[in-house]
Amino acid sequence: LKPTHPRLIASADDFTKLRDLKNAHPLYKAIAAEILRNADTLLDKPVVEHEIPDGKRLLATSRAVLARSQYLAMAYHLTGDRKYVDRLYIDLHAAAAFADWNPDHFLDTAEMTAAFAWSYDWLYDQWTPAQRDEIRSAMVRLGLNAGLEAYAKKVWWTNTFINWNQVCNGGLILGALAIADEEPKIAVNILQNALPRYRIALRHFAPEGGWDEGPDYWHYAMDYTAAPLAAMDSALGTDFGLSDTPGLSQAGRFILYMVGPFNFQFNFADGQHKWDGAPALWWLAKRFDQPILKSFQREQAHKHAKPLDLLWADMDINGKLPPATPPDAYFRKVEVATFRTAWNDADAMFVGFKAGDNTANHGHLDLGSFVLDDLGQRWAWDLGSDDYNLPDYFGRQRWTYYRLRAEGHNTLLVGPDKGPEQNPKADCKITRYESDADRGFAIADLSTAYPKAKSVKRGLGLFDRGERPYVLIQDEITTPSQTTVWWAMHTHARIAFSPDKRTATLTLTDKRIDKDVSLIVRLLSPANATFKNIPPKPLASSPHPPKQATEDSWVKKLAIEMPEVGATTLVVQITRAAAPADAPKVVPLDEWK
């Protein structure tokens, strides 16, 4: 164990170098200035309280202390001004007096433990002996001991593979490393329990770095992957081989491909659309010698600076991605593919498409769904998560909420009724994926997702990366008897139809230039189908649970309803109005090339 503090990721020399860099390097100066602005806003925040407004989570309080610990500690090291130390102590003193850190929802305890670890270690020499004793004692009593009790009882999160594993074990690892010289028995006990369990979650990145909880929870899990591994390396000189776990080296590539040309992400599962970067990408780039991740994170670090950006960043690298970077990618197990016309172009066309496993943690019934960005706008939206405090959101009522149902996504309904429109246990694969310089596509077999169908296959491709790119979505559906089939795409564009309603023009105002831009959506097959504009609400046959977040006035639903379908091929083409592509000949999915 490194005997001195700081030892969690940063050393005293590292903080000294940052003070020099912020005066000598323009980008470090800009990032440091933003961190100081954020730290200054925290000085007047109310003191944290033990508040569990939903009856379940102290998490908002834990995260408030965590943010304050990093920003205020970093602000001190950048300025030497003790006002940041003194303000942080007020919150630590309050949280240290809590009766508990809500171990029943252990994320709360883990994140509070991490907050105390950063505070204790990064400001060790700034605390008085009495303050150090108070902070350390609270971390042990309310954090680490609660963790040891959970290990002894084999609480479910101790051996899970979802984000709870990294957050809970990772927070405890940070706490153990912070006090290991003064509480060696407790620290060793924590590490001996946490490390083998931690690897269970890291293996979930295999085989290609994908994360089936979606990009938002990739971010959460990766925060508590990179920081603990880096802290072990800085404090102990080893991460015990954990960073060599197969799949982890490709985790940065996954998020690189999930983020579109203007920083909206393919937000499948419980997640939101905006991407503001992840400091962990710096760590991944250095650990696995992947400078492309530095380029990817550099822009976000400049716009949305976080304390770990300063410690990990390489600001001298170019912010543009290499033009030779493949435009498309497919991630097995998660069963997600993305395609784009170009990198480094905010107006590029980008489409994300997924099959996957409906039982994935935080998953929705979204097999076959897609998002579409083009001309600096999002045209096809994933509405994201709903309110976690809705009744039984993670339980028996989960599939009654519109945003989580198939009808709340850009996919198919086959014979919809009052039950889930997709089999909640379905696990569907992308059976073909091809990509070359001009085009890319993926084909998914969705048959097991639709109990009322014999066969359902969906192909989605981005064709012609030149001046007239277009997206093609083709569904081949066979049912044992006549049934109703719905096709849907959620958008906030204005929708205008041709007289025969087989063409829809979608229009948005590009606020960058204060002009309208448009896409054309063509229904190429079958000949008797038409488009309609319907509200993004549960169908009459769907359950109508209590309050949910579907009453979004900005959302429209471009839909196709086809009654009495036995077998059909449904083909939709999406192209730019200003440079429309020709309608391609409809060929079976088996003949796509």
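Notes on the structure in this doc start here.

A few points about the environment of Tyr198
Argument step 1. The residue Tyr198 is located in helix α8 (residues 184-202) in this model.
Argument step 2. C-alpha of Tyr198 to C-alpha of Arg502: the two residues are 304 residues apart in sequence and 53 Å apart in space.
Argument step 3. Ignoring any residue separated from it by four or fewer positions in sequence, one finds Tyr198 in contact with Asn165, Gln166, Asn169, Gly170, Ile173, Tyr224, Thr225, Pro228, Leu229 and Leu242.

Things to note about helix α4 (residues 83-96)
In an α-helix, one full turn covers 3.6 residues, which means residues spaced three or four apart are oriented alike.
Argument step 1. Taking 1.5 Å per residue, 14 residues should reach 20 Å; α4 reaches 20 Å between its end C-alpha atoms and fits that length.
Argument step 2. Most of α4 sits out of view: 10 of its 14 residues are buried.
Argument step 3. Among the residues of α4, those classed as buried are Tyr84, Val85, Arg87, Leu88, Tyr89, Asp91, Leu92, Ala94, Ala95 and Ala96.
Argument step 4. Lining the buried residues of α4 we find α2 (26-42), α3 (59-79), α5 (106-122) and α6 (129-153).

Observations regarding the pattern of salt bridges
Argument step 1. Evaluation of the coordinates by the stated rule reveals 32 salt bridges.
Argument step 2. In this structure, Asp314 and Lys294 form a salt bridge, with 3.3 Å as the shortest nitrogen-oxygen distance. Placement of the pair is Asp314 in the loop between α13 (307-312) and β1 (329-331) and Lys294 in helix α12 (residues 291-303), with a sequence separation of 20 residues.
Argument step 3. Notably, a salt bridge pairs Asp427 with Lys429, separated by 3.8 Å at the nearest N-O pair.
Argument step 4. Among the ionic contacts, a cluster of salt bridges with common partners joins Arg68, Arg87 and Asp91.

Here's the deal with the packing of α4 against α5
Argument step 1. At a closest axis distance of 12 Å, the pairing of α4 and α5 adopts a crossing angle of 140°. It follows that α4 is oblique to α5 by the angle criterion. Considering how the two elements wind past one another, α4 and α5 form a crossing that is left-handed. On α5, the residues touching Leu88, Leu92, Ala95 and Ala96 of α4 are Met112, Phe116 and Ser119.
Argument step 2. Its residues assigned to classes, the contact of α4 with α5 shows six nonpolar, one polar and no charged.

Rules behind the numbers
Residues numbered from 1 in each chain as written. Predicted model: local features only at pLDDT ≥ 70, side-chain atom pairs only at ≥ 80, totals over all residues. Heavy atoms only, no water. Helix = DSSP H or I, 4+ residues; strand = E, 2+ residues; numbered from the N terminus. Contact = heavy atoms within 4.5 Å. Expected span 1.5 Å × (residues − 1). Buried < 20%, exposed > 50% of the residue type's maximum accessible area, 1.4 Å probe, protein only. Salt bridge = Lys/Arg side-chain N within 4 Å of Asp/Glu carboxyl O. Axes fitted to C-alpha atoms, helices over the stretch in contact; angles between N-to-C directions. Parallel < 35°, antiparallel > 145°, perpendicular 65-115°, else oblique. Left-handed = near helix turned anticlockwise from the far one by under 90°. Nonpolar A, V, L, I, M, F, W, Y, C, P; charged D, E, K, R; others polar.

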